[in-house]
Amino acid sequence: MTSLRPDVEGSQILDLPNGKYGVPDMMMHGFQNVRSGNTPAHPLQHSEKHWHENKKMMDFAMLRNLQGLHAPLKLQMELNITQKMRRLPGLGSSHVLEESLTGRDMMLDFEDIFNDPDEVPLSSQPHIQMEKRLNIL
Amino acid sequence: DGVVLGADTRATEDTVVADKNCSKIHYLADNMYCCGAGTAADTEMTTQMIASQLELHKLNTGRTPRVTTANRLLKQMLFRYQGHISAALVLGGVDVTGPHLYSIHPHGSTDKLPYVTMGSGSLAAMATFEDRFKPNMEKAEAMKLVRDAIAAGIFNDLGSGSNVDLCVITKDKVEYLRPFDEANIKGKREGNYGFKRGTTAILSTEVKKIPFDIVSTQVVTSRSDSAMDTA
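Per an unreviewed UniProt entry, chain B carries the name proteasome endopeptidase complex and comes from Dreissena polymorpha. A UniProt comment under Subcellular location (unreviewed entry) is attached to chain B, and it reads "Nucleus". In UniProt, chain B has this text filed under Catalytic activity (unreviewed entry): "Cleavage of peptide bonds with very broad specificity."

Under an unreviewed UniProt entry, chain A has the name Proteasome maturation protein and belongs to Dreissena polymorpha. Per UniProt, chain A has the following entry under Sequence similarities (unreviewed entry): "Belongs to the POMP/UMP1 family."

Draft legend 1. Here's a closer look at the pairing of strand 7 (residues 98-104) of chain B. Residues and elements named next belong to chain B. With 6 of 7 residues buried, strand 7 lies mostly within the body of the structure. Pairing of strand 6 (residues 87-95) with strand 7 involves 7 bridges; the strand directions are antiparallel. Bridging across to strand 7, Leu89 finds its partner in Ile104. Hairpin geometry of strand 6 and strand 7 is characterised by an intervening segment of 2 residues between the two adjacent antiparallel strands. Of the pairings in the sheet, the one linking strand 7 to strand 8 (residues 110-112) comprises 3 bridges and is antiparallel in character. Bridge assignment links Tyr102 to a residue of strand 8, and that residue is Lys112. The hairpin formed by strand 7 and strand 8 contains 5 residues between the paired strands, and Gly108 there has a positive phi angle of roughly 110 degrees.

Draft legend 2. Looking closely at a nonpolar patch on the surface. All names here are of chain A. Side chains of Met85, Leu97 and Leu101 sit close together on the surface and give an oily, nonpolar patch of about 280 Å² of accessible area. Tracing the sequence through the fold places Leu101 in helix 5 (residues 96-102). The class of Leu101 is partly exposed, set by a relative accessible area of 40%.

Draft legend 3. The arrangement of the interface of chain A and chain B in detail. With 16 residues of chain A at the interface, the matching set in chain B holds 13 residues. Summed over both partners, the interface of chain A with chain B buries about 1400 Å², with 67% contributed by carbon and sulfur atoms. Summed over the shared surface of chain A and chain B, the result is 3 salt bridges. Here Arg80 of chain B ties to Glu111 of chain A by a salt bridge, and the two come within 3.6 Å at their closest N and O atoms. Our count for the contact surface shared by chain A and chain B stands at 3 residue pairs in polar contact (both at pLDDT 80 or more). Of all the secondary-structure elements, those providing two or more residues to the side of chain A that touches chain B are helix 3 (51-67) and helix 6 (110-113) of chain A. Looking at the side of chain A that touches chain B residue by residue, the class counts come to 10 nonpolar, 2 polar and 4 charged.

So, how was this worked out
Residues numbered from 1 in each chain as written. Chains lettered and ligands numbered in written order. Predicted model: local features only at pLDDT ≥ 70, side-chain atom pairs only at ≥ 80, totals over all residues. Heavy atoms only, no water. UniProt positions renumbered as here; feature names shortened; annotations may be inferred. Buried < 20%, exposed > 50% of the residue type's maximum accessible area, 1.4 Å probe, protein only. Helix = DSSP H or I, 4+ residues; strand = E, 2+ residues; numbered from the N terminus. Pairing = 2+ DSSP bridges. Patch = residues over 30% accessible without salt bridge, like charges linked within 9 Å, V, L, I, M, F, W, Y side chains within 5 Å. Areas by Shrake-Rupley, 256 points an atom, 1.4 Å probe, with all protein chains shown as cover. Salt bridge = Lys/Arg side-chain N within 4 Å of Asp/Glu carboxyl O. Contact = heavy atoms within 4.5 Å. Buried area = accessible area lost by both parts, 1.4 Å probe. Polar contact = N/O pair within 3.5 Å; in protein donor to acceptor, adjacent residues only side chain to side chain. Nonpolar A, V, L, I, M, F, W, Y, C, P; charged D, E, K, R; others polar.

Pasting the structure below:
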């Protein structure tokens, strides 16, 4: 049974993202530095980053124990389909069906109020984002 | 049949009073109010968040929200942030199941009790409650008891002060009495520190004329079209 709070940062394995030939690809991911992104800025950073996913895992584990394996399997299947339906990068998707399935459309959270993705002042270039997505950078 | 919530009105920044008359009893729903102690921004934002969630819930279900719903929402949010949101709350309200009073600590633990206190003046207020609380008090007696408890906090604790706010929630209506009792009125200045005329004796008077020389004269006409351009 997973716990409601995700694991503490000290117990995770950190992998530097690798490009072709097993060497870190600087065009795709920038200069790799073990020190740069690994110490958490806030003790809750890891917990918050994985909060929704962890809650989902916990709910599915409970469902599996209560109703059997079919229940989380069916729900996960529907969620997988909705997660594939996305717009091209640069444009924001509205996640309507995904939020209906997870129940997020009935809830208000700090993510809905602060840091609204609609109000981001800086926009990145869609060409670069597509190249990065298709790995042809 | 009802809940009486009381709060003082002082907001401090360490040892300096930042706000002499802030309102610490926050609105959650028509039948629920929440007193907040701790960081002022945290209590304000948390209660606003939960008020929005309760409104959304009420629109979804079509029923007035229960106090235990608000309790659970607050508890789950505060536990998620592991005490980094330092908001210690006293939640009270009346719903279909009756009157309820909860205390919620910053790390997410809650207690359901007949009388609770939170904040820096909580010990003084709790002492008053422990002495004089009886179950099934009348409304006036309960209001006086809460007022006395807050006054105990105001006069014996540096972090609490100024006036007493009270909020009485019953099944049909809510009385938000702000201020209920002004315990600390600023005193009027009694004396005047200015000096009267004639305090210093005048020894001698001399009038001198300072000669001015006119250097240049310039005549400027005020053109009416550009002088007052109100377009």
